[in-house]
Amino acid sequence: MNTVQQVESLRAALAGLRREGPIAFVPTMGNLHDGHLALVREARRHADSVVVSIFVNPLQFGANEDLDSYPRTLREDQQALEAEGVALLFAPTVEVMYPVPLAQQTRVEVPGISGLYCGASRPGHFAGVATVVCKLFNMVQPDLAVFGKKDFQQLMVIRRMVRDLAMPVQVLGLDTVREADGLAMSSRNQYLLPQEREQAPLLYQTLRETAARISEGERDYEALAAAVCSKLAQAGFRPDYVEIVDSRTLLPPAPDSRHIVILAAAWLGAARLIDNIEISVGSSGEE
């Protein structure tokens, strides 16, 4: 596996890969776990070559967030990616990605959905995500890119950006990869203390219970979301939000909505956990 830091080196390496066939891209912030590697495996199913990026993007971190403490494990990540058959790793520095001061950096914004839910809790976060993904897509120019559905709102923002800017990139979403007890895999799970780690699966368990109630016919979505918040708070979580929305629009479901997603974010100790669960209403139930 070739590792490059400069855009010129990236493009030179890509020229050779492109002659071999389609290129799939998996952008990450590193500290890779099995969830990331599942994205790589999915990418390999669809393309001849897989390119991965590792970049802890300062533009998507707000004030007092964990930019400085975010785990950086490049050597271990390189070994894991090489074992998965990744052809090329792009690991740029901040200076390569943002050669001008961040305050002067041109930004990409996806209006509307970027201001909801995680966007409301983390102002500017999705502008940072859209900007860095747009730049990476321009640098790598992949045929397709793979993202995890754990960050469901992020996936929607990226798909909207690609559509609106007519980018020739197919965006695939992969189902959330979970620990054996149901906790969604995340680099931030390591912030959990041992007792908190035992509690953490309750988030997904509660979402599953709520999805079952929706599949059984309950439609008072506000009451259901409030019940989730209450249960989490009683268990020691600090709920940020729980929203039950149309998965196509991220807006409150219309009477004829058939695709629903429960979105949730909650603090447990120092870790902000996010999760979601999709439900097909009026068909076969949970997806």
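Okay, so let's go over this structure. Keep in mind that this is a model prediction, so the values were computed, not measured. (Residues numbered from 1 in each chain as written. Predicted model: local features only at pLDDT ≥ 70, side-chain atom pairs only at ≥ 80, totals over all residues. Heavy atoms only, no water.)

Another aspect to go through is the environment of Thr73. For Thr73, the location among the structural elements is in the loop between strand S3 (49-54) and helix H3 (74-83). When its relative accessible area of 21% is taken as the criterion, Thr73 is described as partly exposed. C-alpha of Thr73 to C-alpha of Leu59: the two residues are 14 residues apart in sequence and 20 Å apart in space. (Helix = DSSP H or I, 4+ residues; strand = E, 2+ residues; numbered from the N terminus. Buried < 20%, exposed > 50% of the residue type's maximum accessible area, 1.4 Å probe, protein only.)

Right, let's talk about helix H9 (residues 202-215) for a bit. With 14 residues, H9 extends 20 Å from end C-alpha to end C-alpha; this agrees with the ideal 20 Å at 1.5 Å per step. Taken as a whole, H9 has its buried residues at Leu202, Leu203, Tyr204, Thr206, Leu207, Thr210, Ala211 and Ile214. Positive backbone phi, at 120 degrees, marks Gly217, one or two positions downstream of H9. (Expected span 1.5 Å × (residues − 1).)

Further remarks concern the side chain of Lys149. Mapped onto the fold, Lys149 is located in the loop between strand S5 (144-148) and helix H7 (152-164). Apart from residues no more than four positions distant in its own chain, Lys149 is found in contact with Leu155, Gly173, Leu174, Asp175, Thr176, Asn276 and Glu278. (Contact = heavy atoms within 4.5 Å.)

Moving on to the packing of H9 against helix H10 (residues 221-234). Each pair of packed helices gets described by two things: the angle between the helix axes and the distance between those axes. Their axes nearest at 10 Å, the elements H9 and H10 cross at an angle of 155 degrees. Taken together, the axis directions place H9 and H10 in an arrangement best described as roughly antiparallel. Helix-helix and strand crossings are classified by hand; for H9 and H10 the assignment is right-handed. Residues Leu202, Leu203, Thr206, Leu207, Glu209, Thr210, Arg213 and Ile214 of H9 pack against Tyr221, Leu224, Val228, Lys231 and Leu232 of H10. The residue inventory of the contact of H9 with H10, partitioned by class, reads eight nonpolar, two polar and three charged. (Axes fitted to C-alpha atoms, helices over the stretch in contact; angles between N-to-C directions. Parallel < 35°, antiparallel > 145°, perpendicular 65-115°, else oblique. Left-handed = near helix turned anticlockwise from the far one by under 90°. Nonpolar A, V, L, I, M, F, W, Y, C, P; charged D, E, K, R; others polar.)

Here we come to the layout of surface pockets. Its volume calculated, the second largest pocket comes out at about 250 Å³. Around the second largest pocket sit 18 residues that line it, and Ile54, Phe55, Val56, Arg72 and Pro92 are the ones nearest its centre. (1 Å grid on protein atoms, 1.4 Å probe; cavity = no way out; pocket = protein on both sides within 12 Å on 5 of 7 lines; lining within 4 Å. Points joined across faces, edges and corners; volume = space filled by probe spheres on them.)

This part covers the pattern of salt bridges. Applying the stated criterion across every chain, the model contains 13 salt bridges. Linking Asp164 and Arg163 is a salt bridge whose minimum nitrogen-to-oxygen distance equals 3.0 Å. One salt bridge in this structure joins Lys231 and Glu209, with 2.7 Å as the shortest N-O distance. Of this pair, Lys231 sits in helix H10 while Glu209 sits in helix H9, and the two are 22 residues apart along the sequence. Owing to a relative accessible area of 30%, Lys231 belongs among the partly exposed residues under this scheme. Salt bridges here are not isolated pairs; linked through shared partners, they connect Lys149, Asp175 and Glu278. (Salt bridge = Lys/Arg side-chain N within 4 Å of Asp/Glu carboxyl O.)

It is worth spelling out the state of the cysteines at this point. Each disulfide is one covalent bond, formed between the sulfur atoms of two cysteines. If you walk through the whole model with that rule in mind, you get zero disulfides. Between Cys118, a free cysteine, and Cys229, which holds the nearest cysteine sulfur, the sulfur-to-sulfur gap is 13 Å. (Disulfide = S-S within 2.5 Å.)

With that out of the way, let us pick up the sheet that holds strand S4 (residues 88-90). Here we have six strands laid out as an open sheet, ordered S1-S4-S3-S2-S5-S6, and parallel in their pairing. With partners counted over all chains shown, the strands left at the sheet margins are strand S1 (2-4) and strand S6 (170-174), one partner each. Here the strands of the sheet are splayed against their neighbours by 25 degrees on average, with no regard to which way each runs. As defined by bridge partners, strand S2 (residues 23-28) adjoins S3 across six bridges and the pair is classed as parallel. By the bridge assignment for S3, Thr28 is matched with Ile54. Contacting S1, S2, S3 and S4, helix H1 (residues 7-18) runs over the sheet at an angle of about 155 degrees to S4. In the packing of H7 onto the sheet, the strands contacted are S5 and S6, and the crossing angle to S6 comes to about 170 degrees. (Pairing = 2+ DSSP bridges.)

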